[in-house]
Amino acid sequence: MTTTAATIRDVSTLPATHAHLEERNLLPAEHLVDGGYTSVAMRDSTARDYQIDLVGPVKEKTTRKSRKGNVFDRDAFTIDWDRQEVVCPQGTVTRQWSTPPSITPYTRVFFNKVDCIPCPVRTDCTRSQQRPPTLSCGLWP
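A brief structural summary. (Residues numbered from 1 in each chain as written. Predicted model: local features only at pLDDT ≥ 70, side-chain atom pairs only at ≥ 80, totals over all residues. Heavy atoms only, no water.)

**Observations concerning the overall build of the protein**
Here is step 1 of the chain: Along the protein, the regular secondary structure elements total four helices and seven strands.
Here is step 2 of the chain: Overall, the protein shows an N-to-C arrangement of helices and strands of α-β-α-β-α-β-β-β-β-α-β.
Here is step 3 of the chain: The long-range share in the protein, meaning contacts at least 24 apart out of those at least 6 apart in sequence, stands at 44%.
Here is step 4 of the chain: A total of about 9,100 Å² of accessible surface is found on the protein, and carbon and sulfur atoms cover 50% of it. (Helix = DSSP H or I, 4+ residues; strand = E, 2+ residues; numbered from the N terminus. Contact = heavy atoms within 4.5 Å. Areas by Shrake-Rupley, 256 points an atom, 1.4 Å probe, with all protein chains shown as cover.)

**A look at the layout of surface pockets**
Here is step 1 of the chain: Here the second largest pocket is characterised by a volume of approximately 240 Å³.
Here is step 2 of the chain: Around the second largest pocket, the lining is made up of 13 residues, and of these Met1, Thr2, Thr13, Thr17 and Tyr37 lie nearest the centre.
Here is step 3 of the chain: When its residues are assigned to classes, the lining of the second largest pocket shows five nonpolar, six polar and two charged. (1 Å grid on protein atoms, 1.4 Å probe; cavity = no way out; pocket = protein on both sides within 12 Å on 5 of 7 lines; lining within 4 Å. Points joined across faces, edges and corners; volume = space filled by probe spheres on them. Nonpolar A, V, L, I, M, F, W, Y, C, P; charged D, E, K, R; others polar.)

**A look at unusual backbone geometry**
Here is step 1 of the chain: Positive phi, normally seen in glycine, also occurs at glutamine 51, with a value near 55 degrees.
Here is step 2 of the chain: The topology assignment puts glutamine 51 in the loop between α2 (40–50) and β2 (53–55).
Here is step 3 of the chain: A positive phi angle is found at glutamine 84, which is not glycine, with a value near 55 degrees.
Here is step 4 of the chain: For glutamine 84, the location among the structural elements is in the loop between β3 (78–80) and β4 (85–87).
Here is step 5 of the chain: The exposure class assigned to glutamine 84 is partly exposed, which follows from its relative accessible area of 45%. (Buried < 20%, exposed > 50% of the residue type's maximum accessible area, 1.4 Å probe, protein only.)

**Details of α2**
Here is step 1 of the chain: For α2, the set of buried residues is Ala41, Met42, Ser45, Thr46 and Tyr50. Viewed end-on, α2 has its buried residues packed into an arc of 125 degrees, placing them on one side of the element.
Here is step 2 of the chain: On its buried side, α2 packs onto α1 (14–23) and β2.
Here is step 3 of the chain: With its phi angle positive at about 55 degrees, glutamine 51 sits one or two positions after the end of α2. (Arc of directions from axis to C-beta.)

**Structural notes on the packing of aromatic side chains**
Here is step 1 of the chain: All told, the structure shown has two aromatic pairs when counted by the stated rule.
Here is step 2 of the chain: Considering the side-chain rings of tryptophan 81 and tryptophan 97, the 5.6 Å spacing of their centres and the 85 degrees angle between planes classify their relative orientation as edge-to-face. With tryptophan 81 in the loop between β3 and β4 and tryptophan 97 in strand β5 (residues 96–98), this pair connects stretches of sequence that are 16 residues apart.
Here is step 3 of the chain: A residue is classified by how much of its surface remains accessible, and tryptophan 81, at 14% relative accessible area, is buried. (Phe/Tyr/Trp six-rings, centres within 6.5 Å; stacked < 30°, edge-to-face > 60°.)

**Considerations on the packing of α1 against α2**
Helix-helix packing is described using two parameters, namely the angle between the two axes and the distance between the axes.
Here is step 1 of the chain: In contact at an axis separation of 11 Å, α1 and α2 are set at 20 degrees when each is read in the N-to-C sense. Considering the angle they form, α1 stands roughly parallel to α2. α2 is crossed by α1, and the crossing has right-handed handedness. On α2, the residues that touch Leu14, Pro15, His18, Ala19 and Glu22 of α1 are Met42, Thr46 and Tyr50.
Here is step 2 of the chain: Residue composition of the contact of α1 with α2, by class: five nonpolar, two polar and one charged. (Axes fitted to C-alpha atoms, helices over the stretch in contact; angles between N-to-C directions. Parallel < 35°, antiparallel > 145°, perpendicular 65-115°, else oblique. Left-handed = near helix turned anticlockwise from the far one by under 90°.)

**Thoughts on the pattern of salt bridges**
Should the charged atoms of two oppositely charged side chains come close, the side chains can pair.
Here is step 1 of the chain: A complete count under the given rule lists three salt bridges for this structure.
Here is step 2 of the chain: One salt bridge connects arginine 48 with aspartate 44, and the closest N-O pair in it is separated by 2.8 Å. Within this pair, arginine 48 and its partner aspartate 44 are both found in helix α2, separated by four residues, close to a single helical turn.
Here is step 3 of the chain: Notably, a salt bridge pairs glutamate 85 with arginine 83, separated by 3.7 Å at the nearest N-O pair. (Salt bridge = Lys/Arg side-chain N within 4 Å of Asp/Glu carboxyl O.)

Everything listed here is a matter of coordinates, which is why it stays silent on function.
Take a look at the structure:
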């Protein structure tokens, strides 16, 4: 059990918890958690870093893109964490990957304007007429 200030997001404590369990040689094969600890990124990093299957409810998507049926959401993109790149549903690879310093870690990826502006399904990715889409997700590894 870990106790933190109410302003600390639950999911941010999970890597330290797993590190502590690893020090004591107590890592489980499967870790059952509630919705405050789950994300696609956390499941991926937990499996990669500690070989633990993180089991719990995945948060419901609430973005504009997830509420409409004719747009791509984050799951439509292929993420390669090791190569630090994302491939869009049309096969375009990101031009930049960054993890800015932040209290709550997140990763941002950027696509190239030259690739995205003429894309026939661009409006399924972004509402912007001038900028290519970016993805920004909290607690990506």
